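Okay, here's what each chain looks like letter by letter:
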Amino acid sequence: MFSGIKNRIRSNKWLVGASITHMMIDGFSVMMYPILPLIAMDFNLSLSKIGVLRTSYSFSSSVLQFPLALIFEGLNEIWILLLGLIWISIGFVAMGFSKSFLILLILSIVTGIGGNLQHPVGSAFISRLYPEKKRGSAIGVLNFSGDFGKLIFPLLVTGILIWFNWHWCLTILGVLGIVTFFMLELILLASGIGKLKGNEKSRKGKLIFALENHGAFVSLSFIGVIDGITRSALLTYIPFLFVDKGISPEKVGLLLTILLIGGATGRLGCGFLVDRFGSILMIVITEFFTAISIFTLLIIHPLLLIPLLIFCGFMVNGTSTVIYTTIASTIKSETRESGYGLFFTIYLIAEAVGPLLFGLIGDAMGLSMVFITLSLISTLIIPIALYSKRFL
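None of the values given here were measured: they were computed from a predicted structure.

Chemist: Quick question: what am I supposed to make of the overall build of the protein chain here?
Modeler: Broken down by element type, the protein chain carries 18 helices and zero strands. Expressed as a percentage of the 392 residues in the protein chain, the buried residues total 59%. Within the protein chain, counting contacts between residues at least 6 apart in sequence, those at least 24 apart form 86% of the total. Total accessible area on the protein chain is roughly 16,000 Å²; 73% of this is exposed by carbon and sulfur atoms.

Chemist: Any chance you could explain the packing of helix 4 (residues 47–60) against helix 7 (residues 101–112) here in plain terms?
Modeler: Helices that pack against each other are described as a pair by the angle of their axes relative to one another and the distance between those axes. Their axes nearest at 6 Å, the elements helix 4 and helix 7 cross at an angle of 25°. Between helix 4 and helix 7, the angle is such that the two are roughly parallel. When you trace helix 4 past helix 7, the crossing you get is right-handed. On helix 7, the residues that touch K49, V52, L53, S56, Y57 and S60 of helix 4 are F101, L104, L105, S108, I109, T111 and G112.

Chemist: Even after reading the chapter, I still don't get the packing of aromatic side chains, so can you show me in this structure?
Modeler: Considering all chains together, one arrives at nine aromatic pairs under this definition. Pairing F28 with F153 gives two aromatic rings, centres 5.1 Å apart and planes at 65°, and the pair type is edge-to-face. With F28 in helix 2 (residues 13–30) and F153 in helix 9 (residues 132–163), this residue pair connects regions lying 125 residues apart in the sequence. Each of the two residues, F28 as well as F153, counts as buried. Measuring from ring centre to ring centre gives 5.9 Å for Y57 and F92, while their planes differ by 55°; the resulting arrangement is tilted. On the criterion of sequence distance, the pair formed by Y57 in helix 4 and F92 in helix 6 (residues 77–95) is long-range, its members being 35 residues apart. An identical accessibility class is assigned to Y57 and F92; each is buried. What links up through ring pairs into an aromatic cluster is the set F28, Y57, F92 and F153. Over the face of the ring belonging to Y33 we find R54, whose NZ or CZ atom lies 4.4 Å from the ring centre.

Chemist: Hey, could you run me through helix 18 (residues 381–388) in this one?
Modeler: Each full turn of the α-helix corresponds to 3.6 residues, which orients residues three or four apart in the same direction. The complete set of buried residues in helix 18 reads I381, I382, A385 and S388. Within helix 18, the buried residues cover an arc of 120° as seen down the axis, which keeps them to one side. Where helix 18 is buried, its residues meet helix 12 (214–244), helix 14 (279–299) and helix 17 (367–378).

Chemist: So what exactly am I meant to see when it comes to the nonpolar core here?
Modeler: Generally speaking, nonpolar side chains in soluble globular proteins are found buried as a group. Within the largest apolar cluster, 102 residues are counted, with the highest numbers of intra-cluster contacts made by F28 and F371. Counting residues per element, this core draws most heavily on helix 12, which supplies 13 residues. The contacts of F28, once residues within four sequence positions are left out, are Y57, L85, I88, S89, F92, F153, L173, G174 and G177.

Chemist: I keep staring at the confidence of the model for the protein chain and nothing clicks. Help me out?
Modeler: Averaged over every residue, the pLDDT of the protein chain is 79; the share at 70 or more is 79%. Ranking the elements of the protein chain by mean pLDDT puts helix 11 (residues 200–204) last with 45 and helix 17 first with 92. For the stretch residues 1–9, pLDDT sits under 50, and the model shows one contact to residues farther than four places along the chain or on other chains. Ignoring residues within four places in sequence, the model shows residues 198–208, a span with pLDDT below 50, making 24 contacts including any to other chains.

Chemist: Would you explain helix 13 (residues 249–277) in this entry?
Modeler: Here helix 13 contains 29 residues, and its C-alpha end-to-end distance of 41 Å stays within 8% of the 42 Å for a straight helix at 1.5 Å per residue. Immediately beyond the C-terminal end of helix 13, within one or two residues, lies G278, with a positive phi of roughly 90°.

Chemist: What exactly am I supposed to notice about the packing of helix 12 against helix 15 (residues 305–327) here?
Modeler: It is at 10 Å that the axes of helix 12 and helix 15 come closest, and there the two elements cross at 155°. Viewed along their axes, helix 12 and helix 15 adopt a mutual orientation that is roughly antiparallel. Considering only the axes of helix 12 and helix 15, their crossing is left-handed. Seen from helix 12, the contacting residues are F217, L220, I223, G224, D227, R231, L234, I238 and F242; seen from helix 15, they are L305, L309, C312, V316, N317, T319, S320, I323, Y324, T326 and I327. In the contact of helix 12 with helix 15, the residues fall into 13 nonpolar, five polar and two charged.

Chemist: Explain the side chain of T158 to me, please; I cannot follow it from the model alone.
Modeler: Mapped onto the secondary structure, T158 falls in helix 9. The exposure class of T158 is buried, given its relative accessible area of 18%. Side-chain polar atoms of T158 contact the backbone oxygen of P154, separated by 2.9 Å. Ignoring sequence-local partners within four residues, the contact set of T158 consists of E250, G253 and L254.

Chemist: Teacher, can you tell me more about the environment of I306 here?
Modeler: Summarising the element assignment, I306 is placed in helix 15. A relative accessible area of 43% means that I306 is categorised as partly exposed. Taking C-alpha positions, I306 is 7.9 Å from L259, a pair spaced 47 residues apart along the chain. Excluding anything up to four places from it in sequence, I306 contacts L255 and I258.

What counts and how
- Residues numbered from 1 in each chain as written.
- Predicted model: local features only at pLDDT ≥ 70, side-chain atom pairs only at ≥ 80, totals over all residues.
- Heavy atoms only, no water.
- Helix = DSSP H or I, 4+ residues; strand = E, 2+ residues; numbered from the N terminus.
- Buried < 20%, exposed > 50% of the residue type's maximum accessible area, 1.4 Å probe, protein only.
- Contact = heavy atoms within 4.5 Å.
- Areas by Shrake-Rupley, 256 points an atom, 1.4 Å probe, with all protein chains shown as cover.
- Axes fitted to C-alpha atoms, helices over the stretch in contact; angles between N-to-C directions.
- Parallel < 35°, antiparallel > 145°, perpendicular 65-115°, else oblique.
- Left-handed = near helix turned anticlockwise from the far one by under 90°.
- Phe/Tyr/Trp six-rings, centres within 6.5 Å; stacked < 30°, edge-to-face > 60°.
- Lys NZ or Arg CZ within 6 Å of the ring centre and 35° of its normal.
- Arc of directions from axis to C-beta.
- Core = buried A, V, L, I, M, F, W, Y, C linked by side-chain atoms within 4.5 Å.
- pLDDT = per-residue confidence, 0-100.
- Expected span 1.5 Å × (residues − 1).
- Nonpolar A, V, L, I, M, F, W, Y, C, P; charged D, E, K, R; others polar.
- Polar contact = N/O pair within 3.5 Å; in protein donor to acceptor, adjacent residues only side chain to side chain.

Listed below in C-alpha cells is the structure:
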C-alpha cells in the first residue's frame with residue numbers, strides 16, 4: 001500500500017512540488033483576512049482603508065503576472081515557483097515589524113510582488129505535463145492545494161493569536177515559509193530539479209502568445225473579472241460580518257477556515273466535475289448558488305452558519321477551477337505561460353479592485369449592502385456563460 005503511494009508521488013513529483021508552493025503562497029494570501037479586524041482596531045481604520053490595505057497586496061501580486069510570465073517563459077518552472085515562495089516569506093517576516101499603517105501598506109505592496117510567479121507559471125507547467133483527459137483533475141489538484149493552504153493558514157493564525165499579537169503572527173508564519181522553501185529545495189534537488197527543462201518551444205518562439213479561441217478567451221476573462229471581484233470582496237468583509245453578528249474576533253479565523261474548507265472541496269470537486277459535465281453547465285450552477293448563499297449569509301442565524309459557509313465556499317471557489325481548466329484550451333500549448341499570465345493579470349487585478357470598491361460601498365451604505373451587491377453581481381456571470389457556449 002505505502003509503496004504504491006510512494007510510487008504515485010514519485011511519478012507526480014512536479015505536481016507535488018508545484019502544489020506545495022501553491023499551498024504556501026495561497027495560504028499567505030488569505031492569512032491577513034482573520035487579522036484585518038485586529039489591524040483595523042489597532043490602527044483605527046475604516047472599511048475603505050482596510051480595502052486599500054487588501055488591494056495593495058492583491059494588486060502588486062497580479063499586475064506583473066503577464067510581463068514576468070514573458071520574462072521567465074522557457075525557464076525551469078520549479079525554480080521560478082520557489083523564488084516566489086521565498087520572496088513572500090521574507091516579506092511577511094518584515095510585515096510583522098510594522099509600527100504604522102503606512103509601513104504595513106508599503107511592505108504589503110513589496111511582498112505581493114512574489115505572488116506574480118505562482119499562477120501563470122504553475123498552471124501552464126501542469127497543463128503541459130498532463131494530457132487533455134487528465135488536465136482537469138491535475139489542475140484541480142493544483143488548485144486544491146492552494147485552497148488547502150488557505151484553510152490551514154487561518155487555523156494557524158487562530159492558534160498563534162491565542163499566545164501572540166498579530167505582529168508576531170505574521171513573523172512566525174513568514175519564518176515557516178522560509179523553512180518550507182529550504183526543505184523543498186533540498187528534496188527537489190535530490191529529485192533532479194536541475195535536469196528539468198523549461199518549455200523549449202516557448203523559448204524559441206517569436207509570438208508573445210497565441211490564442212486558439214479568441215471568443216472563448218475573452219468571455220472567460222469577463223467571467224473571471226466578476227468572479228475575482230466577488231470572491232476577494234467576500235473574503236475581505238465576511239470577518240466583519242461575523243463580528244457584526246456578535247462572534248468574537250478570536251473565532252473569526254475558525255469560521256473563515258470552515259468557509260475555505262468548502263472552497264477547497266469546490267476547487268477539487270469541480271475539477272473532476274468539469275471533465276464530466278462541461279464548463280458552461282458547471283459555471284451556471286456554481287454562480288447561481290453563489291448568489292443565493294451570499295445573500296443568505298446576511299439573514300441566517302449564527303448557529304446555522306457552519307453548513308452555509310461550507311456550501312458557499314464550494315460554490316464560490318468552484319467556478320475558478322472551471323475557468324482555469326477551460327482557459328487552457330483557448331491558448332496554444334507552446335505559449336501557455338504568457339497566455340495564462342495575461343489571463344491571471346486580468347483576473348487578479350479584478351480581485352485586487354474588489355476589496356477597495358466594496359469598502360467604499362460599505363462606508364457609504366453599510367456592511368449589509370456589500371453582501372447584497374455581491375449577490376447581485378455574481379448573477380451577471382450566468383448570461384455571459386450561456387453566451388460563451390457558442391465558442392466552446
